[in-house]
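Residue strings, one per chain:
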Amino acid sequence: MSGDILVLGATGTVGRGVVSALLEAHYPVLAVGRNGERLAALKAHCAAFEGLELLPGSVASDTDGAALAAALRQRRRPLRAVVASLAGPLERGRLLSRPADFLRRRLDEDLIPHLAAARHLLPLLAEGGRGSDYIVVGGPGADHPWASYGHASIAASAMRMLVRVLHAEAKPLGVRVQLLSISQPVRTEDNARYACAQWPSARAVGLRIAGLLAEDAPPRPVVPFPPPGGVHAGPHAPGAAA
């Protein structure tokens, strides 16, 4: 199936690596971000590759998601897939030391954009015909509490269930929804100073996504990364000794 790969959160530290890896795999990429300067920096970062287009936009709310979908329809070009690499900044601290509204805010920031995006982009993918993909990039801590990042573990667990629900509800649309569940923090330029050797790079995550796009096997709602049997030492808090 031909068409562009839409990357949400393309200017983030992980999103930028995903965009580069997809371009490296010769996929045309439509990169979405809210900040014009960061989109321009992404363009410069990927100058060695062809096939990158930039689109200012957001999925922070239902209104934003609808506006993005409208802008995409005006392009009159098919989408092959959507890759959602949306993640807010990590805040260290015990959950019991925070007010209850802190968890509500974290869930609003970490989950609601994914639902807003799916509500408006899944029907758009379905319009292009069966066989399209919707891949969500998920972080660590979904299976076991992440020390000092309990709120992130709760959000990751909720994300896993959200994607399972979307996976089931999108089947009649002919869209394959999957969560690439990353078991460790992703190594980026920003955390290279303290990153552990076992942490995957953003490029490795992007290349795994490219592999999922090329697979003909029946989709699984949750795809572990690394796969079972791969190197896994459990998540480490950013800044901890590796």
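Right above here is the structure, for reference.
Residues numbered from 1 in each chain as written. Predicted model: local features only at pLDDT ≥ 70, side-chain atom pairs only at ≥ 80, totals over all residues. Heavy atoms only, no water.

Caption draft 1: Up close: the overall build of the chain. Helix and strand counts for the chain come out as 7 helices and 7 strands. Put simply, the chain runs from its N terminus to its C terminus through helices and strands in the order β-α-β-α-β-α-β-α-α-β-α-β-α-β. A globule of 242 residues ought to have a C-alpha radius of gyration of about 18 Å, and the chain, at 17 Å, matches this closely. C-alpha extents for the chain along the principal axes are approximately 50 × 40 × 40 Å. Split into buried and exposed, the 242 residues of the chain put 47% on the buried side. Summarising the internal contacts of the chain: among those between residues at least 6 apart in sequence, 71% fall at separations of at least 24. In the structure as shown, the chain presents an accessible area of about 11,700 Å², 56% of it carried by carbon and sulfur atoms. Between the centroid of the 26 positive side chains of the chain and the centroid of its 20 negative side chains there is a distance of 3 Å. (Helix = DSSP H or I, 4+ residues; strand = E, 2+ residues; numbered from the N terminus. Rg over C-alpha atoms; globule rule 2.2 N^0.38 Å. Buried < 20%, exposed > 50% of the residue type's maximum accessible area, 1.4 Å probe, protein only. Contact = heavy atoms within 4.5 Å. Areas by Shrake-Rupley, 256 points an atom, 1.4 Å probe, with all protein chains shown as cover. Lys, Arg positive; Asp, Glu negative; His and termini not counted. Charge placed at Lys NZ, Arg CZ, Asp CG, Glu CD.)

Caption draft 2: Fine view of the pairing of strand β4 (residues 79–84). Of all 6 residues in β4, 6 are buried, a share of seventy percent or more. Here 5 bridges tie strand β1 (residues 4–8) to β4, and the two strands are oriented parallel to one another. Pairing of I5 across the sheet is with A81, part of β4. (Pairing = 2+ DSSP bridges.)

Caption draft 3: Summary view of the packing of helix α1 (residues 13–24) against helix α7 (residues 202–214). Between α1 and α7, the shortest axis-to-axis distance is 7 Å and the interhelical angle comes to 50°. Classified by the angle between their axes, α1 and α7 sit oblique to one another. As α1 runs across α7, the sense of the crossing is right-handed. Within the contact between the two elements, α1 uses T13, V14, G17, V18, A21, L22 and E24 and α7 uses A202, R203, V205, G206, L207, I209, A210 and L213. Considering only residue class, the contact of α1 with α7 consists of 10 nonpolar, 3 polar and 2 charged. (Axes fitted to C-alpha atoms, helices over the stretch in contact; angles between N-to-C directions. Parallel < 35°, antiparallel > 145°, perpendicular 65-115°, else oblique. Left-handed = near helix turned anticlockwise from the far one by under 90°. Nonpolar A, V, L, I, M, F, W, Y, C, P; charged D, E, K, R; others polar.)

Caption draft 4: Quick peek at the packing of helix α4 (residues 100–110) against helix α6 (residues 150–170). For the pair α4 and α6, interaxial distance at closest approach is 10 Å and the crossing angle is 45°. What the angle tells us is that α4 and α6 run oblique. Of the two elements, α4 crosses α6, and the hand of that crossing is right-handed. For the pair formed by α4 and α6, the contact residues are F102, L103, R106, L107 and D110 on the first element and H151, I154, A155 and M159 on the second. Residue classes in the contact of α4 with α6 are distributed as 6 nonpolar, 1 polar and 2 charged.

Caption draft 5: Inspection of unusual backbone geometry at higher detail. In this structure, P226 follows F225 across a cis peptide bond, with omega equal to 0°. As for its position among the elements, P226 is in the segment after β7 (222–225). At H26, a residue that is not glycine, the phi angle is positive and equals roughly 70°. Relative to the elements of secondary structure, H26 occurs in the loop between α1 and β2 (29–33). When its relative accessible area of 71% is taken as the criterion, H26 is described as exposed. One non-glycine residue, S148, lies in the positive phi region at around 70°. A relative accessible area of 26% means that S148 is categorised as partly exposed.

Caption draft 6: Region of interest: the pattern of salt bridges. One pass over the full model with this rule turns up 18 salt bridges. With its nearest N and O atoms 2.7 Å apart, the salt bridge here joins E24 to R203. In this pair, E24 is assigned in helix α1 and R203 in helix α7, connecting sequence segments 179 residues apart. You can call E24 partly exposed: its relative accessible area is 31%. R208 serves as the salt-bridge partner of E215, at 3.5 Å between the closest nitrogen and oxygen. What makes E215 partly exposed here is its relative accessible area of 28%. Connected through salt bridges with shared partners, the residues E91, R98, R105, R106, E109 and D110 form a single ionic network. (Salt bridge = Lys/Arg side-chain N within 4 Å of Asp/Glu carboxyl O.)

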